[in-house]
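Each chain, written out:
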4 protein chains.
Amino acid sequence: MILRISPGRPPLGRRLAAEAVGTGLLALAVIGSGLQAAVLSRDTGVQLLANTMASVCALGVLIALLAPVSGAHFNPLVTAGFWWTGRRAPGALAGPEACGYALAQLAGGFAGSLLAGVMFGHTGAAGTARTGTAVWTGELVATAVLLLVVLGLGRTGQQRYAPVAVAGWITAGIWCTASGSFANPALTAARAVNDGFTGIAPASLPGYLLAQLAGAVLGLALLALLFPAPEEAEAV
Amino acid sequence: MILRISPGRPPLGRRLAAEAVGTGLLALAVIGSGLQAAVLSRDTGVQLLANTMASVCALGVLIALLAPVSGAHFNPLVTAGFWWTGRRAPGALAGPEACGYALAQLAGGFAGSLLAGVMFGHTGAAGTARTGTAVWTGELVATAVLLLVVLGLGRTGQQRYAPVAVAGWITAGIWCTASGSFANPALTAARAVNDGFTGIAPASLPGYLLAQLAGAVLGLALLALLFPAPEEAEAV
Amino acid sequence: MILRISPGRPPLGRRLAAEAVGTGLLALAVIGSGLQAAVLSRDTGVQLLANTMASVCALGVLIALLAPVSGAHFNPLVTAGFWWTGRRAPGALAGPEACGYALAQLAGGFAGSLLAGVMFGHTGAAGTARTGTAVWTGELVATAVLLLVVLGLGRTGQQRYAPVAVAGWITAGIWCTASGSFANPALTAARAVNDGFTGIAPASLPGYLLAQLAGAVLGLALLALLFPAPEEAEAV
Amino acid sequence: MILRISPGRPPLGRRLAAEAVGTGLLALAVIGSGLQAAVLSRDTGVQLLANTMASVCALGVLIALLAPVSGAHFNPLVTAGFWWTGRRAPGALAGPEACGYALAQLAGGFAGSLLAGVMFGHTGAAGTARTGTAVWTGELVATAVLLLVVLGLGRTGQQRYAPVAVAGWITAGIWCTASGSFANPALTAARAVNDGFTGIAPASLPGYLLAQLAGAVLGLALLALLFPAPEEAEAV
């Protein structure tokens, strides 16, 4: 069957479904909890605490649950990172598969955003402008460390800690970067179509996406520095 | 001994006791912490943060502690899900056992609600109406994902993560669904007899229970899609 | 050497030191974090959230760290529970050792309370009366479940989860019982000599201690019901 | 290659890079989350809750990620503790390596502080005086327990719990000591050059550093008491 490119893995269709369902539920967790927190608390710090807790709990659970199916990327830049670092390995993610993953993540993200809108009544393009050096630096750092964590755990044989470690970094990143640590183009796009606590104005998207892309490149550079693959280590 | 239907498991009586004790303590944690939080904080966001934290900590501990005895379902729909997915497996939960589980869960839930009332003085039918498309969608999603997590971890050999994963999803669900993520008919009934922060008016029960039932069906469909059992995968 | 009663364990002196240091740091965590939280926040809910988080994090870490030395009881009723359930097993905790444990826990608790006083300036007998059916029921339930968790994990071969499970139950108990889930005579006594957020008036001590004792007995009864030892299961 | 002193470990250059990156990201997490929390919440308790959560999540993730490379010390006193306790073991950290670690940690800490300044606009020497018996006692206790946890887990074969246990103790310490549980000379110096929620006036540095040094010595004494190395146990 032609779609089953990587032998030993589940069929591609099931993997794409896992990426779509996972990214959709993640988008629901991020956007929905933000909308609810903004209604329930009068203190923005409490709102962001609740939004953080709900988002990273969903993230950790979904990674643990769906990693055996699709790898649980939920993020085009994570998919790109796996494709790039595995490009010479037999049986790794192929380019067309990676594109399918990204499309499934985008579709899932929009569906999750829509579902949050059904429950909390906030829909339409978001109005919150997020632009400037501070937030772009934030996305750069947040995405670089995200890729370093995801791929570095793999290089040291610690993939089983990914659910907790990824959730842990996003918890820290939401609070210690100026940008909210979106660090995920699919979720960023999904936030743009829901006007609420976690929204981002469509006009701010290009800057965020470029900063995330630059962060992914920086993350891969840090990975090569700190966790070189066997052939990279030999070259040094 | 006729009650010991599933060989290799503890006697049914002990398993029913575990379900009753576990569901009772869970009901106490959910309802009691809600009553206390409502007294201690003036911010509804802080109240729900504390209520969430206490509820999911109790949930995780009780699953870890009692899973070796009864499977630690504490929820008639989880019991139904195990019965349905295991219906062709030898030694799985039998129909009459499943009914016993549900009754033990209901009895435990009411006892826990009563115990919360002894300590915090809130008893009587709850007055909080919870009705409409938003909350029904919430229960549908919350229950579907709960069953997907519980049964999906089993399908991928990760049952040992259930205490943390189930607690993680409920944490996210409480905040990202509009319904409070009750996702459990036994606990929902227990909440209806204690008028407080976590209560639900008896008149709102049918809608919640129907939405939870529909969610369980959706969860089983997602399970078959993402984690097909060996014979289902072969059929495809 | 006569003090080394249980072969294969560290010498008794070192185990007593571990119990004293562990209970002392636990008392510091509970009392100190309560004093600090009461200064920093204007919302009692936030104060108790911070107090809970700091207390249970210390509890979990200290159990993991010191369990290989002394078993990490930090609580005379936990020690009594281990003594009672292991009384027929060779190499288990002997009666005189258990008394030594309790004294070390009391001494450590008072030292930790004193240390909190040095840092936060609250000393002297506590003035907060805690009395009545509601709080006594709280201590009864909190202590019963604590012993059920500690000893039940052992009966099911899950001792390695004790740090997280005990911390998890205390988190839930603090919020879902009306008494604050002290559940520990050594810590309760230590709280009586520091007048602050977590204090208890000396006059309220007898009621708390009796309720905790009754809770321990109830916990052992639940243990025998849900996790009977091999010889108990045969007797049935 | 002369820098590769410890055989079997990664080259020293890569280990120093790991210490610098790790300490830098930790400083960013601590300082950045403090600055953001101070802006978002009006309640100091909520600010410190968020600051604690972000700091310890970053700490835990970075330890898990970088321990296979450099040991993930991020703290000159932890490095000193490993050097001291391993000084007679073959292949342990050598003195010159330990000095390199400390310099890398300091450099990383300053870089992280600078990065927080870029994102949140707070730079310049911190103005918060932190001095007196209460805070010095706090640093003494916080550092002693930190070293006891880090090295004690190693003595009992539980190093794999270090990410969670260290994060757990710092969570407790931040709330139960009067000093904020800096417990780390490199981070303390980094906090002195960023004037914000987590800052410390340069004039208060000597007292903090001396108290941390004394705490490290106390921690090593407690380690020898509770977890004697085989040759120490024999000597007794």
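Residues numbered from 1 in each chain as written. Chains lettered and ligands numbered in written order. Predicted model: local features only at pLDDT ≥ 70, side-chain atom pairs only at ≥ 80, totals over all residues.

Caption draft 1: How the structure looks around the overall build of chain A. Tallying secondary structure elements over chain A gives nine helices and zero strands in all. Along chain A, helices and strands appear, N-terminal first, in the series α-α-α-α-α-α-α-α-α. Projected onto its principal axes, the C-alpha coordinates of chain A cover approximately 55 × 40 × 30 Å. The long-range share in chain A, meaning contacts at least 24 apart out of those at least 6 apart in sequence, stands at 78%. (Helix = DSSP H or I, 4+ residues; strand = E, 2+ residues; numbered from the N terminus. Contact = placed C-beta atoms within 7 Å.)

Caption draft 2: Representation of the interface of chain A and chain B. Contacts between the two partners involve 33 residues from chain A and, on the opposite side, 29 residues from chain B. Secondary structure elements with two or more residues in the side of chain A that touches chain B: helix H1 (12-40), helix H2 (44-70) and helix H4 (95-120) of chain A. Considering each element in turn, the side of chain A that touches chain B owes the most residues, 14 residues, to H2(A). Residues that form the side of chain A that touches chain B fall into these classes: 24 nonpolar, six polar and three charged. (Nonpolar A, V, L, I, M, F, W, Y, C, P; charged D, E, K, R; others polar.)

Caption draft 3: Inspection of helix H1 (residues 12-40) of chain B at higher detail. Here H1(B) contains 29 residues, and its C-alpha end-to-end distance of 41 Å stays within 8% of the 42 Å for a straight helix at 1.5 Å per residue. The buried fraction of H1(B) is high, at 26 of 29 residues. (Expected span 1.5 Å × (residues − 1). Buried ≥ 20, exposed ≤ 12 C-beta atoms within 10 Å, placed from the backbone.)

Caption draft 4: Summary view of the relation of the copies chain A and chain D. Structural alignment of chain A on chain D gives an RMSD of 0.0 Å, achieved by rotating through 90 degrees and translating 0.0 Å along the axis. In short, the pair behaves as if placed about a four-fold rotation axis. Residue Val46(A), judged by its C-alpha, is the member of chain A lying nearest the rotation axis, at 4.8 Å. In this assembly the copies use different faces: only 11% of the residues contributing to the interface of chain A also contribute to that of chain D. (Least-squares fit on C-alpha atoms with pLDDT ≥ 70 in both.)

Caption draft 5: Geometry of the relation of the copies chain A and chain B. Once chain A is rotated about the relating axis by 90 degrees and shifted along it by 0.0 Å, it coincides with chain B to within an RMSD of 0.0 Å. Interface overlap between copies: only 9% of the residues of chain A at the interface are likewise at the interface in chain B, consistent with a contact formed by different surfaces.

Caption draft 6: Main features of helix H3 (residues 76-85) of chain D. All names here are of chain D. For H3, the buried fraction is high: eight of the ten residues fall into the buried class. All of the buried residues along H3 are Pro76, Leu77, Val78, Thr79, Ala80, Gly81, Phe82 and Thr85. Those residues of H3 that are buried are in contact with helix H4 (95-120), helix H5 (133-155), helix H7 (185-192) and helix H8 (205-226).

Caption draft 7: Region of interest: the interface of chain A and chain D. Counting residues at the interface gives 28 residues for chain A, matched by 32 residues for chain D. For the side of chain A that touches chain D, the elements supplying multiple residues, two or more each, are H2, helix H5 (133-155), helix H6 (162-176) and helix H8 (205-226) of chain A. Partitioning the side of chain A that touches chain D into residue classes produces 17 nonpolar, ten polar and one charged.

Caption draft 8: Quick look at the packing of helix H1 (residues 12-40) of chain C against H8(D). Two elements in contact, H1(C) and H8(D), have axes whose closest approach is 9 Å; the angle formed by their N-to-C orientations is 135 degrees. Classified by the interaxial angle, the pair formed by H1(C) and H8(D) is oblique. Counting all contacts with H1(C), which are made through Arg14(C), Ala17(C), Ala18(C) and Val21(C), the residues of H8(D) involved are Leu222(D), Leu225(D) and Leu226(D). Considered class by class, the residues forming the contact of H1(C) with H8(D) number six nonpolar, no polar and one charged. (Axes fitted to C-alpha atoms, helices over the stretch in contact; angles between N-to-C directions. Parallel < 35°, antiparallel > 145°, perpendicular 65-115°, else oblique.)

Caption draft 9: Region of interest: unusual backbone geometry. Residues and elements named next belong to chain C. At Ala72, a position not held by glycine, the phi torsion is positive, near 55 degrees. Locating Ala72 in the fold gives a position in the loop between helix H2 (44-70) and helix H3 (76-85). By C-beta crowding, Ala72 is classed as buried, having 24 other C-beta atoms within 10 Å.

Caption draft 10: Representation of the arrangement of the chains within the structure. Nowhere do chain A and chain C come into contact; their C-alpha atoms are at least 10 Å apart. These two, chain B and chain D, are apart from each other, with no contact and a minimum C-alpha gap of 10 Å.

Caption draft 11: Broad picture of the packing of helix H3 (residues 76-85) of chain A against H8(A). Residue and element names in this part refer to chain A. It is the contact of H3 with H8, at a shortest axis distance of 11 Å, that shows an interaxial angle of 35 degrees. At the point where H3 passes H8, the crossing takes the right-handed sense. Contact residues: H3 offers Leu77, Ala80, Gly81 and Trp84, while H8 offers Gln212, Ala216 and Leu220. (Left-handed = near helix turned anticlockwise from the far one by under 90°.)

Caption draft 12: A look at the environment of Ala18(C). When you line up the elements, Ala18(C) lands in helix H1. Separated by 169 residues in sequence, Ala18(C) and Leu187(C) place their C-alpha atoms 16 Å apart. In this view, Ala18(C) contacts Leu66(C), Val69(C), Ser70(C) and Leu226(D); residues no more than four positions away in its chain are not counted.

Caption draft 13: Fine view of the confidence of the model for chain A. Residues and elements named next belong to chain A. Taken over all residues, the pLDDT of chain A has a mean of 93, while the share at 70 or more is 95%. Low pLDDT, under 50, characterises residues 1-6; the stretch is placed with twelve contacts to residues that sit more than four places away or in other chains. Interface predicted TM-score (ipTM) for the complex: 0.94; the corresponding pTM is 0.95. (pLDDT = per-residue confidence, 0-100.)

Caption draft 14: Structural context of the environment of Ala126(C). Residue and element names in this part refer to chain C. For Ala126, the location among the structural elements is in the loop between helix H4 (95-120) and helix H5 (133-155). For Ala126, a count of 24 C-beta atoms within 10 Å puts it in the buried group. Distance from Ala126 to Gly196, taken between C-alpha atoms, is 6.6 Å for residues 70 residues apart in sequence. The contact partners of Ala126, leaving out residues within four places of it in the chain, are Arg191, Ala192, Asn194, Asp195, Gly199, Ile200 and Ala201.

Caption draft 15: A look at the environment of Leu40(C). Within the element layout of this structure, Leu40(C) appears in helix H1. Its 18 C-beta neighbours within 10 Å are what place Leu40(C) among the partly exposed residues. With residues up to four places along the chain from it excluded, the contact list for Leu40(C) reads Thr44(D), Gly45(D) and Leu48(D).

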